[in-house]
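Take a look at the letters that make up each chain.
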Amino acid sequence: MSILLFLIAAAVLLYRRADAQTALATLAIATFIGWLLDDFGFFSFLFGAALLAAAFVLVRPSDFRLHRVSHPLLGYVRGMLPKLSDTESEALKSGSVDWDGELFSGDPQWAKLIEARPAQLSEEEQAYVEGPVETLCDMLDDWAITHEEYDLPQEVWDYIRGNGFFGLVIPEEYGGKGFSHTAHSEIVMKISTRSVSGAVTVMVPNSLGPGELLSHYGTEEQKNYYLPRLAAGEEIPCFALTSPMAGSDAGAIPDKGVVCMGEWQGEEVLGLKVTWNKRYITLAPVATLIGLAIKVYDPDHLLGGEEVVGVTCVLVPRDLEGVNAGSRHLPMNTVFMNGPTWGTDVFIPMSQIIGGEDMLGKGWTMLLECLSIGRSISLPALGTGAGKLACLVTGAYSLTREQFGRSISQFEGVQEAMESLAGYTYQMNAARLLTSGMLDRGVKPAVPSALLKYYNTELMRRAINHAMDVVAGRGVITGPRNFLARAYQAVPIAITVEGANILTRSLMVFGQGAIRCHPYITEEIAAAENPDGNAGARDFDAVFYRHIAHTSRNALRAFALSYAGGALEQVPETGDLQRYYRQLARFSAAFALLTDVTLLSVGGGLKARQRLSGRMADCLVHLYYGSAVIKYWLDQDRPDDQRPLVEWSLQSSVKGAQDSLLAAIDNFPVSALRWPLRLLVFPPGYQKQKAPDDALGGKVAATIVEDAPLREHLAAGCYRNDSPQDPVGRVLNAYRLALDTRDSRDKLHRAIRQRDEDQVDAIALLLGHQREELVDWAVAENVITAQEREPLLDALTALYDVIRVDAFDAKGIRELSACAKGKRKVVERPPKNTKA
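The notes below deal with the structure included here. (Residues numbered from 1 in each chain as written. Predicted model: local features only at pLDDT ≥ 70, side-chain atom pairs only at ≥ 80, totals over all residues. Heavy atoms only, no water.)

1. Description of the side chain of Glu 419
No. 1: Structurally, Glu 419 can be placed in helix 16 (residues 412–440).
No. 2: No salt bridge is formed by the buried Glu 419; the nearest opposite charge belongs to Lys 655, separated by 12 Å.
No. 3: A polar side-chain atom of Glu 419 sits 2.7 Å from a polar atom in the side chain of Trp 648.
No. 4: Excluding residues that lie within four positions of it along the chain, Glu 419 makes contacts with Trp 648, Pro 692, Gly 697, Val 700 and Ala 701. (Helix = DSSP H or I, 4+ residues; strand = E, 2+ residues; numbered from the N terminus. Buried < 20%, exposed > 50% of the residue type's maximum accessible area, 1.4 Å probe, protein only. Lys, Arg positive; Asp, Glu negative; His and termini not counted. Salt bridge = Lys/Arg side-chain N within 4 Å of Asp/Glu carboxyl O. Polar contact = N/O pair within 3.5 Å; in protein donor to acceptor, adjacent residues only side chain to side chain. Contact = heavy atoms within 4.5 Å.)

Right, here's the structure in full:
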């Protein structure tokens, strides 16, 4: 009994997070009671005493534990812990941990999520969205931009520069707007629903660019000179990170700056001779100020230190001799300014280093922290905007488009696509706002920024594909009438840039998160790498046993919550979401357990286990997005009409987390651990979480079809032009007229179905070409009243107009081809005789 009571007490104490003194006292009492029940039997006393002694050794710090246990253990564990490169170490030092840390802990504290300040706009920010942003959208003609001008019109450039769009996040004291990150996100999202090219032009200088870097790290002299010029649009910035040989592996930057003396403005000064060859750089063709990430070398030791200084961020004025830019890439028919830039031995003084000479070699940390901010905003906002636009127009189009005598919105196959479209958009918006709210609270969310960029752009791809499936041929034919083509073409760009999704998912999200968000592993790695063996052992001794308790507790939680279906978890009662809190907490515990098992068993081999890392990343994504939906709904005071979307999103997230963990366990690299992990996390007889059923799916699909406040809510933030000549306005006009004349059209359809086959064919022909005669026939046959005639005729005209596609004059296309032939000349980058 002493052994049994000891183990039961230990399990309860671990589960309840008891402190060391309470734990040891309780274990001693439990063991003593066991001895009493066993009449102080020899074996009971022997094994009970041994367990109790081991507990005292492991729980209480002592010299004995340090020298006899921890020191030998460190030698063994050192070989199992992940090895970090210098780049990875820098990456882990940048950014901060927020809700992602709670999910990695295995015991998320929901109050922290619920009570966190929600993302919101100030009155000034809201006025800017409704004023200058609205005006900018009015000025953008996406067809003309992408197929006639291949650029934003000059008046649009002037408006962007003159109305502070390049200074959204620059502090007010330097002439910028000083807007919140949420405002930045809302602005980019709205512009993207009008023109992707316009949105990218605005978002890049405000995400990763000289302005952001100068605001955080610039010297006062640099801030005072450059920030007002950037905010006023006097300088157009770009930032060049990607090289042909260093894409996702940005740490392999080959571009360099060599410390030397050189001439600057007539004086001999210390500086850098910079050589670079960059590509895919947004705004590079028109930039007047080029930010560069380079590696600095000091072969002559002019700085008095090491030869290799490290990654550094510098500013290069475009007008310097030897700077090459102006050539353009054309990314998937979106014509925002993007192109290469290169230069050879271009001299700049030390004053052009962002942050001055003190920031030499610190560029990687600067980039990672600013990239985590920009990556949290720009592409997630663009993805959400695409989803919102697709909901707005696809729901409206499905109601107006009729086949077999009824709206296609009534077809279950169409509803299945629109269900996912609406659900994905709701999830994207919730996750976007959760993360921008973190940024506004001062968090630099390195892991959330990576998973948000990855999954919002992935959901964008799925959402637009579903929308194209519904719209079908109407979305395939390009032209001024097409309202989906540009978003569809922009998907690969969003998937690829700011960290390709394949590598973001399989390397960054879990690979960095498992270490960054773990409460103990970074301290253990530091202890293992400490060149002072005794100091390393002391540091290891201080943290390792807490790590063991943490892992054991998560194993107990995963086991207990699995077998009890999450019922043991205490969760908030607000919103009647208890079962979802419990399932998310349960899978968080399982995720934390599997994270520890992975780090201890796979260790440094995790980089090569990208399938495992990707599945674990997917689990974290679903936990994060499920949390975001809860936060978003509660922040709005739990509106009842959103309940189907909340249920759909949470059921999808819980099932996604479950399936990701199942796949990770069933394919775990250490095969001997698969069955133990399966028994801990998914017990025999486990009833799998199910995807949303058809009934719920039908309700969700209806949210973007029915003329109700929820449809408006899902599309909130979209730019709208009510003109029937506008590609989106045309659909919305037909939608309104279809709703207004629904009774009249129903009567007309019933009358048509009652006629014989020849009459039906004739009437169908009239519906397409001679609508006035058809309506007059309906009035003459008393199918509709005379008062219904004009509204019905207007509606039928609009319904036909909305399904029309563009057809271009053959002669004009031939003339266009003749004009374009040979005009696009490929630019060699850089010329062969350069060293870049």
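2. Looking at helix 29 (residues 727–740)
No. 1: For helix 29, with 14 residues, the first-to-last C-alpha span of 21 Å sits near the 20 Å given by 1.5 Å per residue.
No. 2: With ten of 14 residues buried, helix 29 lies mostly within the body of the structure.
No. 3: Buried within helix 29 we find Pro 727, Val 728, Gly 729, Arg 730, Val 731, Leu 732, Asn 733, Ala 734, Tyr 735 and Ala 738.
No. 4: Close packing links the buried residues of helix 29 with helix 15 (363–400), helix 18 (473–476), helix 28 (709–714), helix 30 (742–753) and helix 33 (789–803). (Expected span 1.5 Å × (residues − 1).)

3. Concerning the packing of helix 17 (residues 446–471) against helix 24 (residues 610–635)
No. 1: The N-to-C vectors of helix 17 and helix 24 enclose an angle of 90 degrees; their axes lie 10 Å apart at closest approach. With respect to helix 24, the element helix 17 is oriented roughly perpendicular. Residue-level contacts link Val 447, Pro 448, Leu 451, Leu 452, Tyr 454, Tyr 455, Asn 456 and Leu 459 of helix 17 to Asp 618, Leu 620, Val 621, His 622, Tyr 624 and Tyr 625 of helix 24.
No. 2: Class assignment of the residues belonging to the contact of helix 17 with helix 24 gives a composition of eleven nonpolar, two polar and one charged. (Axes fitted to C-alpha atoms, helices over the stretch in contact; angles between N-to-C directions. Parallel < 35°, antiparallel > 145°, perpendicular 65-115°, else oblique. Nonpolar A, V, L, I, M, F, W, Y, C, P; charged D, E, K, R; others polar.)

4. Digging into the pairing of strand 4 (residues 289–297)
On a regular strand, each side chain points to the face opposite its neighbour's, so the side chains alternate between the two faces of the sheet.
No. 1: Judged by how many residues are buried, strand 4 sits mostly within the fold: seven of nine residues are covered.
No. 2: Taken together, the four bridges between strand 1 (residues 237–240) and strand 4 define a ladder with parallel strand orientation. Looking at strand 4, one finds that Phe 239 is bridged to Gly 291.
No. 3: Direction of pairing for strand 2 (residues 256–264) relative to strand 4: parallel, over a ladder of three bridges. Opposite Gly 257, over in strand 4, you have Val 296 as the bridge partner. (Pairing = 2+ DSSP bridges.)

5. Quick word on the environment of Arg 68
No. 1: Within the element layout of this structure, Arg 68 appears in helix 4 (residues 63–78).
No. 2: Accessibility expressed as a relative area gives 64% for Arg 68, which makes it exposed.
No. 3: Residues Arg 68 and Tyr 581, spaced 513 residues apart in sequence, show a C-alpha to C-alpha distance of 43 Å.

6. What about the packing of aromatic side chains?
No. 1: One pass over the full model with this rule turns up 22 aromatic pairs.
No. 2: Between Trp 99 and Trp 110, the ring centres sit 5.4 Å apart and the planes meet at 45 degrees, which makes this aromatic pair tilted. Of this pair, Trp 99 sits in helix 6 (residues 99–105) while Trp 110 sits in helix 7 (residues 110–115), placing them eleven residues apart in sequence. With respect to burial, Trp 99 and Trp 110 carry one shared label: buried.
No. 3: Both rings, one in Phe 510 and one in Phe 591, keep their centres 6.0 Å apart while their planes meet at 70 degrees; by these two values the pair is edge-to-face. Placement of the pair is Phe 510 in helix 20 (residues 501–516) and Phe 591 in helix 23 (residues 578–601), with a sequence separation of 81 residues. Neither Phe 510 nor Phe 591 differs from the other in exposure class; each is buried.
No. 4: Taken together, the ring pairs connect Tyr 128, Tyr 159, Phe 165 and Phe 179 into an aromatic cluster.
No. 5: Of note, Arg 711 hangs over the ring of Tyr 735, and the distance from its end group to the ring centre comes to 4.4 Å. (Phe/Tyr/Trp six-rings, centres within 6.5 Å; stacked < 30°, edge-to-face > 60°. Lys NZ or Arg CZ within 6 Å of the ring centre and 35° of its normal.)

7. Remarks on the pairing of strand 7 (residues 338–349)
No. 1: Burial runs high along strand 7: ten of the twelve residues are buried.
No. 2: In the sheet, strand 3 (residues 267–282) pairs with strand 7 via nine bridges, with the strands oriented antiparallel. Across the sheet, the residue bridging to Val 274 is Val 346, located in strand 7.
No. 3: Pairing of strand 6 (residues 323–325) with strand 7, which is carried by three bridges, proceeds in the antiparallel orientation. Paired with Val 323 across the strands is Gly 343, a residue of strand 7.

8. Description of the side chain of Asp 541
No. 1: Secondary-structure assignment places Asp 541 in helix 22 (residues 533–563).
No. 2: A distance of 3.0 Å separates the side chain of Asp 541 from the side chain of Arg 65, its partner in a polar contact.
No. 3: In this structure Asp 541 touches Arg 65, Leu 66 and Ser 70, once residues within four positions along its chain are discounted.

9. Looking at a nonpolar patch on the surface
No. 1: There is a patch of nonpolar side chains on the surface, built from Met 1, Leu 4, Ile 8, Val 12, Ile 29, Ile 33 and Leu 37 and spanning about 650 Å² of accessible area.
No. 2: Looking at the nonpolar patch, the elements that each hand over two or more residues are helix 1 (2–15) and helix 2 (20–37).
No. 3: The topology assignment puts Met 1 in the segment before helix 1.
No. 4: Residue Met 1 is classed as partly exposed on the basis of its relative accessible area, which comes to 42%. (Patch = residues over 30% accessible without salt bridge, like charges linked within 9 Å, V, L, I, M, F, W, Y side chains within 5 Å. Areas by Shrake-Rupley, 256 points an atom, 1.4 Å probe, with all protein chains shown as cover.)

10. What to know about a negative patch on the surface
No. 1: Taken together, the side chains of Asp 141, Glu 148, Glu 149, Glu 155 and Asp 158 define an acidic patch exposed on the protein surface.
No. 2: For the negative patch, the elements supplying multiple residues, two or more each, are helix 9 (142–149) and helix 10 (154–162).
No. 3: If you trace the backbone, Asp 158 turns up in helix 10. (Charge placed at Lys NZ, Arg CZ, Asp CG, Glu CD.)

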